[in-house]
Structures are given as C-alpha cells and as structure tokens.
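Residue-level listing of the chains:
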Amino acid sequence: MPDPVEYAEALSLAFALEASGYPKPGNVDRIHDLPGLPYEAFIVTSIVATKYLEKGVRRGIKGWGDVVFGDLVYGIVADSMRKSGSTNTCLGSSLLIAPLSVAIGLCLRKEEENLNCFLRMIREVLSATSVEDSVEFYRAVREARPSYIKPTDETGEFVNVWDHDYKKKLRSKKQRLKDVLEFSASHDIVSHELVNGLPRSVNELRFLAERFNAHKNWNRAVVETYVHLLSREHDTVIVREHGFEVASRVRDLASVYIIKLLVAPQSEWLSLITSLDTEIRRIRVNPASVADIIASTIALYTIDSLARNKYYLNLNP
C-alpha cells in the first residue's frame, strides 16, 4: 500500500506553497505580512499539519468512530497557532484539506490511488460526519476567532458558534457538521466548496496545470491561478467584512489584470502583478476565502502528482 506519510506531506505542502506565491494581491506572501499574521506562521502550519493529515489518511484506511475529520481541523488550527504564536492561518484551508486526507485513505483501502477517487470520496466523508465533528469544528472556529464570524450573525435553527453552551446545544439538536456547512454554504464559499465536492478547486487545478506547463514558472502559475479565481468570485470574507460593493471592486480589478498577466512577457509580469497588489492593498482587504481555495487547489495538484508520478512537484520540467 502507498505510504500515508507521503500523502500527508503532499497535502501539508499546500499550506506553505499557497502562502509562498508572491506577490499575492492583498494577501500574505513571502514578502508581505498582515497584522498578527506573518508569512513564517504558514510554514509552521505546513509542518504541524502533517501529523494530523497522516492521521486522516490512516483513518480513511481503517475506518472512523464518532469523529470523521472535525478533530483534525481543530488540531491543525490550534496546534499551528500555539507553535507559531500567530493568529489563525488555516481555518478555511484546513476545512477543505482535512477531509481530503480521509478521502485519500478510503481510496487507498479500495486500491484506487487516483484523483478521481479522492474527489469522489469527499462527499462520502462529509456525509459521514457526526455531531461530534460539529463540536470539534466549533472548537476550531472559537480558537481561530476569525473577525468575519460575529456573535450577532443570524444562524437560524443552527447553534451560534459563540454560544456558551454550544456543545450541549449541538448534541441536543443533533446538528451534524454536514448540516452546519450546508447552511453556511449560502454565505461562505469555503463551506460551499466543500459541500459541493471542491468544484472551484478542480477548475483551478486545470488552470494551474495549464499555466505551469505554459511558462514553467511555479510561482507565476500559483499567483495567476489566485488572480484568476479572484476575477471569478466575490470573496466572502471581503463581503462579510467590507460589503458586496467592495468585493465587486476587487473582483473587477482582478478581471482587468488577469487578461494582461496571461500574455505578459516575464520581464513585464512582475510589474503588472505588483501594480494589482498595490491597488488591492490600498483598499485594505484580504481575499482570504480565495486563498483558502487556492490552497486546496494546490493540494489537489500535489496528491495527483504523487498518485501518478510518485513526486509532489516537478519544479524543473
């Protein structure tokens, strides 16, 4: 059987590789920090996450008990914050990548080591989640304390994550993580991405591979993929923190620049992307949801490469 550690490493790389793309307009990259969130914290996250994602792969191989992946999300978030001394680096990206680790394990058990199986099993993994997954995910949110999730948010019949008795209420209402995320999907593209089987990540995977094949520059491919997704989506972190009009402004800027970036010679490319970065940073927004989906896109790239080629990346094609 393929080594679960290798798949855990391939997934963990995504946290570092996403953050390392530069310049990444409005976001943390290797030359830009955000308040309380330095670039190096993402490197710590990438290392810390490996043991939790290995646990996920092995859980998929062997089967699970009361928790499917909620504890993995909590473990990555809490452990990376503690060991880096930073604020949250990975709540959204962990929510996308942790269930993928369990899906990989299911496929390895079935001796179907390929990306199609990994993606197919995502829905099975999510469907198997329990109330205890919800409890663990709520713990992760409370640990991360993202500014865009507020005590005043309307949650309908679902338990508010900031409720003091959230564990008791989740258990009494029997609200599984699948149910919670389906509710959240109406206003959060990361939740929507997971409950629908990673459609944006799959689409951007094709784009990432095409761009890397076109110019053989990994950093440029990652940044172009980020801008491409930013040009297609209203980032819901921006929407929730600054409003729909600001999110539309960012999307429109990305739509103008992506056309130029795709045809720019390498000598002009850095100047172009730096200009977009300056414009978005001037608006003082962080397209964090898009960054999370780029992390899951990179994770799909590395596990597909491992399944087919037995390496994570080929940086000198």
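Let me begin by describing the structure that accompanies this report. All of these numbers come straight from a predicted model, not from anything done at the bench.

1. Digging into the side chain of Asp79
Phase 1 of the analysis: Inspection of the secondary structure puts Asp79 in helix α3 (residues 70–84).
Phase 2 of the analysis: The class for Asp79 is buried, based on a relative accessible area of 5%.
Phase 3 of the analysis: A polar contact is formed between the side chain of Asp79 and the side chain of Lys51, at a distance of 3.2 Å.
Phase 4 of the analysis: Within the structure, Asp79 has its side chain in polar contact with the side chain of Tyr52 (distance 2.8 Å).
Phase 5 of the analysis: Setting aside anything within four residues of it in sequence, one finds Asp79 in contact with Val48, Lys51, Tyr52 and Tyr74.

2. Observations concerning unusual backbone geometry
Phase 1 of the analysis: The omega torsion of the bond from Tyr22 to Pro23 falls at -15 degrees, within 30 degrees of zero and hence cis.
Phase 2 of the analysis: Of note, Pro23 is situated in the loop between α1 (4–20) and α2 (39–62).
Phase 3 of the analysis: We note that Lys174 has phi near 55 degrees; this positive angle belongs to a residue other than glycine.
Phase 4 of the analysis: You can see Lys174 is positioned in the loop between α7 (166–173) and α8 (177–184).

3. Quick look at the nonpolar core
Phase 1 of the analysis: Ranked by size, the top nonpolar core spans 110 residues in total, and within it Phe69 and Ile303 carry the most contacts.
Phase 2 of the analysis: When residues of this core are assigned to their parent elements, the largest contribution, 13 residues, is made by helix α15 (residues 288–309).
Phase 3 of the analysis: Aside from chain neighbours lying at most four places away, what touches Phe69 is Arg59, Leu95, Ala98, Pro99, Val102, Val125, Leu126, Thr129, Asp133, Leu177 and Leu194.
Phase 4 of the analysis: One finds Val28, Leu37, Tyr39 and Phe42 within the second-largest nonpolar core, a separate group that totals five residues.

4. Re the state of the cysteines
Phase 1 of the analysis: One pass over the structure, following the stated rule, counts one disulfide.
Phase 2 of the analysis: Disulfide partner of Cys107: Cys117, at an S-S distance of 2.1 Å. An S-S torsion of about -100 degrees defines the bridge between Cys107 and Cys117 as left-handed. Remark: Cys117 occurs in helix α5 (residues 115–127) and Cys107 occurs in helix α4 (residues 91–109); sequence separation between them is ten residues. Comparing Cys107 with Cys117 shows no difference in burial state: the two are buried.

5. Focus: the packing of helix α10 (residues 199–215) against α15
Phase 1 of the analysis: Relative orientation of the contacting elements α10 and α15 amounts to 65 degrees, with a least axis distance of 8 Å. As far as their axial angle goes, α15 and α10 are roughly perpendicular. The chirality of how α10 crosses α15 is right-handed. Counting all contacts with α10, which are made through Arg200, Ser201, Val202, Glu204, Leu205, Leu208, Ala209 and Phe212, the residues of α15 involved are Ile293, Ser296, Thr297, Ile298, Leu300 and Tyr301.
Phase 2 of the analysis: Of the residues assigned to the contact of α10 with α15, the class counts are nine nonpolar, three polar and two charged.

Quick notes on the rules
- Residues numbered from 1 in each chain as written.
- Predicted model: local features only at pLDDT ≥ 70, side-chain atom pairs only at ≥ 80, totals over all residues.
- Heavy atoms only, no water.
- Helix = DSSP H or I, 4+ residues; strand = E, 2+ residues; numbered from the N terminus.
- Buried < 20%, exposed > 50% of the residue type's maximum accessible area, 1.4 Å probe, protein only.
- Polar contact = N/O pair within 3.5 Å; in protein donor to acceptor, adjacent residues only side chain to side chain.
- Contact = heavy atoms within 4.5 Å.
- Core = buried A, V, L, I, M, F, W, Y, C linked by side-chain atoms within 4.5 Å.
- Disulfide = S-S within 2.5 Å.
- Axes fitted to C-alpha atoms, helices over the stretch in contact; angles between N-to-C directions.
- Parallel < 35°, antiparallel > 145°, perpendicular 65-115°, else oblique.
- Left-handed = near helix turned anticlockwise from the far one by under 90°.
- Nonpolar A, V, L, I, M, F, W, Y, C, P; charged D, E, K, R; others polar.

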